[in-house]
Each structure stands twice: as C-alpha cells, then as structure tokens.
Amino acid sequence: MRTAFCNTLFHVFDHRICCGRIPEWTAHVGQPWDTYDVAPWNLYNAIWRIQHWIRSGVDADR
C-alpha cells in the first residue's frame, strides 16, 4: 500500500515531491534549526523527513 501511494505521489508531482530543493527560509519556522533528531518540529526537518519517506517507498522499477 505504501509503495502504491509513494508511486502515485511521484507520478503526479514528479521529482519535485521527493527530490525538490527545500527553501532555506523553512529552517527558521518552528523550532530553531538543528539536526532532525534534535529539532524534529522544525519545518525544514519535517519536509526532509516527508521527502525521505517518499523516496524510500517508491518502487525502484518505475
């Protein structure tokens, strides 16, 4: 189910959803920026975790 969802997101949004550049200003939203294990509620880190989750769920054969 996760692979199908990630593949659909990738198909609809192409590389922008999983590999797009995260704007620098997002590091200043939420907690002060630090690594994702120290400041998980920083917007930059939240976007990075979502991108990582999608990348790791996409079927490599597609």
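See the structure printed just above.
As the structure is a computational prediction, the values presented were derived from the model and not from experiment.

Novice: An account of the packing of aromatic side chains is requested, with residue identities and associated values reported.
Specialist: Applying the stated criterion to the full structure yields one aromatic pair. With 6.2 Å between their ring centres and 55° between their planes, phenylalanine 5 and tryptophan 53 make a pair best called tilted. A residue pair is termed long-range when its members are at least 10 positions apart, and phenylalanine 5 in helix α1 (residues 2-13) and tryptophan 53 in helix α3 (residues 43-57) qualify at 48 residues. On the accessibility criterion, tryptophan 53 (35% relative accessible area) is partly exposed.

Novice: Break down the packing of α1 against α3 for me, citing the residues and quoting the values.
Specialist: A packed helix pair is summarised by two numbers, namely the angle formed by the two axes and the spacing between the axes. As a packed pair, α1 and α3 sit with axes 8 Å apart at the nearest point and diverge in direction by 110°. As far as their axial angle goes, α3 and α1 are roughly perpendicular. In this structure, the crossing between α1 and α3 has a hand that is left-handed. Across the interface between the two elements, Arg2, Thr3, Phe5, Cys6 and Leu9 from α1 touch Trp53, Ile54, Ser56 and Gly57 from α3. Each residue belonging to the contact of α1 with α3 can be placed in one class, and the counts come to five nonpolar, three polar and one charged.

Conventions we followed
Residues numbered from 1 in each chain as written. Predicted model: local features only at pLDDT ≥ 70, side-chain atom pairs only at ≥ 80, totals over all residues. Heavy atoms only, no water. Phe/Tyr/Trp six-rings, centres within 6.5 Å; stacked < 30°, edge-to-face > 60°. Helix = DSSP H or I, 4+ residues; strand = E, 2+ residues; numbered from the N terminus. Buried < 20%, exposed > 50% of the residue type's maximum accessible area, 1.4 Å probe, protein only. Axes fitted to C-alpha atoms, helices over the stretch in contact; angles between N-to-C directions. Parallel < 35°, antiparallel > 145°, perpendicular 65-115°, else oblique. Left-handed = near helix turned anticlockwise from the far one by under 90°. Contact = heavy atoms within 4.5 Å. Nonpolar A, V, L, I, M, F, W, Y, C, P; charged D, E, K, R; others polar.

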